[in-house]
Amino acid sequence: MSVFDKNKSRRSFDRAAVHYDQNAQLQQMVATNLLRHLEGFAQGLAPHLILDLGCGTGQVAEAMQLRYPDADITALDFSKQMLVQTEQRLSKQGLRALSVCADAEQLPFKEAAFDLIVSSLMLQWANNLEKTLLDIQRSLSSEGILAFSSLSEGTLKEVKASWEAVDQSVHSSNFQSLDSFERIASAAGYSNISVISETIVINYSSVREMLLEMKGIGASNASNERFKGLTGKQRFEAFERAFESFRLTDGAFPCTWEVTYVFCAK
Ligand SMILES: C[S@@+](CC[C@H](N)C(=O)[O-])C[C@H]1O[C@@H](n2cnc3c(N)ncnc32)[C@H](O)[C@@H]1O
């Protein structure tokens, strides 16, 4: 059974695309860290064919094109509006990538099509990570490398606990446990697997500001659905009251992201 409703999530990303960059402080931090760690993992790497999987507005595709100017970049996303933003970002700098509108869980590429596949904060949306990693592996050349960031258990723990204080029935975590990444990558046949975890806490001046930012990047499952399940002003106010228990001494509201970076070879 699907965990994510793909049509609904694609529509959210489509709607978010134009304002995504203004709301993507976490995504910008994580992409920067992913590419920095990749340098350490694959020193001397000189890929010719690179895929940015779940490219969003193209920050990884852009960085890859600047780092490897002779490489051909493919930018894949299932949101057409995100791809429009990617094209605009690249063309402003005289860069280009091949845009592919497709589901990352049904890759439309031939075997061994890429030397490097990079994916930042997209694979937590996969309904079947095991199968997706297997398909990605088929798309890698024999010396190919996969580098991705995702989210693990503990992500949004304050949001989750605060909603649970309001309504016991709504909550279940969609995030993998940290130790499952290595197991899944290994079962898919990857070698030389390296997993790095990082806790990022972003502080907000209000709970509304926090949820608006999530909505602003199109993360509908993390925010909108909870509003939908718990409709009504009173329930939202109860949620805000529950969140008070996490309030920091300086008055800020923290939001925790457990980020996992995975690097592996075919
Ligand atoms: C949180 S954004 C990250 C975007 C970009 N990688 C970045 O670092 O800014 C997730 C992106 O993955 C895309 N996405 C989510 N599920 C997808 C799927 N099954 N197939 C293709 N793209 C998907 C969304 O449209 C969105 O652009």
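Let me sum up the structure you'll find in this document.

How each quantity is defined
- Residues numbered from 1 in each chain as written.
- Predicted model: local features only at pLDDT ≥ 70, side-chain atom pairs only at ≥ 80, totals over all residues.
- Heavy atoms only, no water.
- Buried < 20%, exposed > 50% of the residue type's maximum accessible area, 1.4 Å probe, protein only.
- Helix = DSSP H or I, 4+ residues; strand = E, 2+ residues; numbered from the N terminus.
- Arc of directions from axis to C-beta.
- Contact = heavy atoms within 4.5 Å.
- Polar contact = N/O pair within 3.5 Å; in protein donor to acceptor, adjacent residues only side chain to side chain.
- Near = heavy atom within 4 Å.
- Areas by Shrake-Rupley, 256 points an atom, 1.4 Å probe, with all protein chains shown as cover.
- Nonpolar A, V, L, I, M, F, W, Y, C, P; charged D, E, K, R; others polar.
- Pairing = 2+ DSSP bridges.
- Axes fitted to C-alpha atoms, helices over the stretch in contact; angles between N-to-C directions.
- Phe/Tyr/Trp six-rings, centres within 6.5 Å; stacked < 30°, edge-to-face > 60°.
- Lys NZ or Arg CZ within 6 Å of the ring centre and 35° of its normal.

A few words now on helix α1 (residues 6-16). Here α1 has its buried residues at Ser9, Ser12, Phe13 and Ala16. Projected onto a plane normal to the axis of α1, the buried residues spread over an arc of 95° and lie on a single side. Those residues of α1 that are buried are in contact with α2 (20-23), α5 (80-92) and α9 (207-216). The backbone nitrogen of Asn7 has a side-chain oxygen 3.1 Å away, supplied by the residue at the start of α1, namely Asp5.

All right, on to the site of the ligand then. What surrounds the ligand is a group of 20 residues, the closest being Tyr20, Gly54, Asp77, Asp103 and Ala104. One of the side-chain N or O atoms of Gln59 is found 2.9 Å from an oxygen atom in the ligand. Within the backbone of Ala104, an N or O atom sits 2.8 Å from a nitrogen atom of the ligand. Burial of the ligand by the surrounding chains reaches 99%, relative to a free accessible area of 600 Å². Of all the secondary-structure elements, those providing two or more residues to the shell around the ligand are α1 and β2 (72-77). In the shell around the ligand, the residues fall into 11 nonpolar, 6 polar and 3 charged.

What the 7 strands build is an open sheet, ordered β3-β2-β1-β4-β5-β7-β6; its pairing is mixed. Each of the sheet's edge strands pairs with one partner strand only, and the pair in question is β3 (98-101) and β6 (191-204). Strand-to-strand twist across the sheet, computed as the mean angle between neighbouring axes with direction ignored, equals 15°. Where strand β4 (residues 114-120) and strand β5 (residues 140-151) come together, 6 bridges link them in parallel fashion. Within β5, the residue paired with Val118 across the bridge is Ala147.

A full pass over the atoms with the stated rule returns 10 aromatic pairs. For the pair Phe13 and Trp125, a centre-to-centre distance of 5.1 Å together with 85° between the ring planes defines the contact as edge-to-face. Of this pair, Phe13 sits in helix α1 while Trp125 sits in the loop between β4 and α6 (129-139), and the two are 112 residues apart along the sequence. Side by side, Phe13 and Trp125 carry an identical accessibility label, which is buried. On the numbers, 5.9 Å between centres and 85° between planes, the contact of Phe239 with Phe243 is edge-to-face. Of this pair, Phe239 and Phe243 are both found in helix α11 (residues 233-243), 4 residues apart, which corresponds to roughly one turn of the helix. The pair Phe239 / Phe243 is uniform in exposure class, with both members buried. A connected cluster of aromatic rings, assembled from ring pairs, spans Trp163, Phe236, Phe239, Phe243, Phe246 and Phe253. A cation over a ring is seen here: Arg10 above Phe78, with NZ or CZ 5.4 Å from the ring centre.

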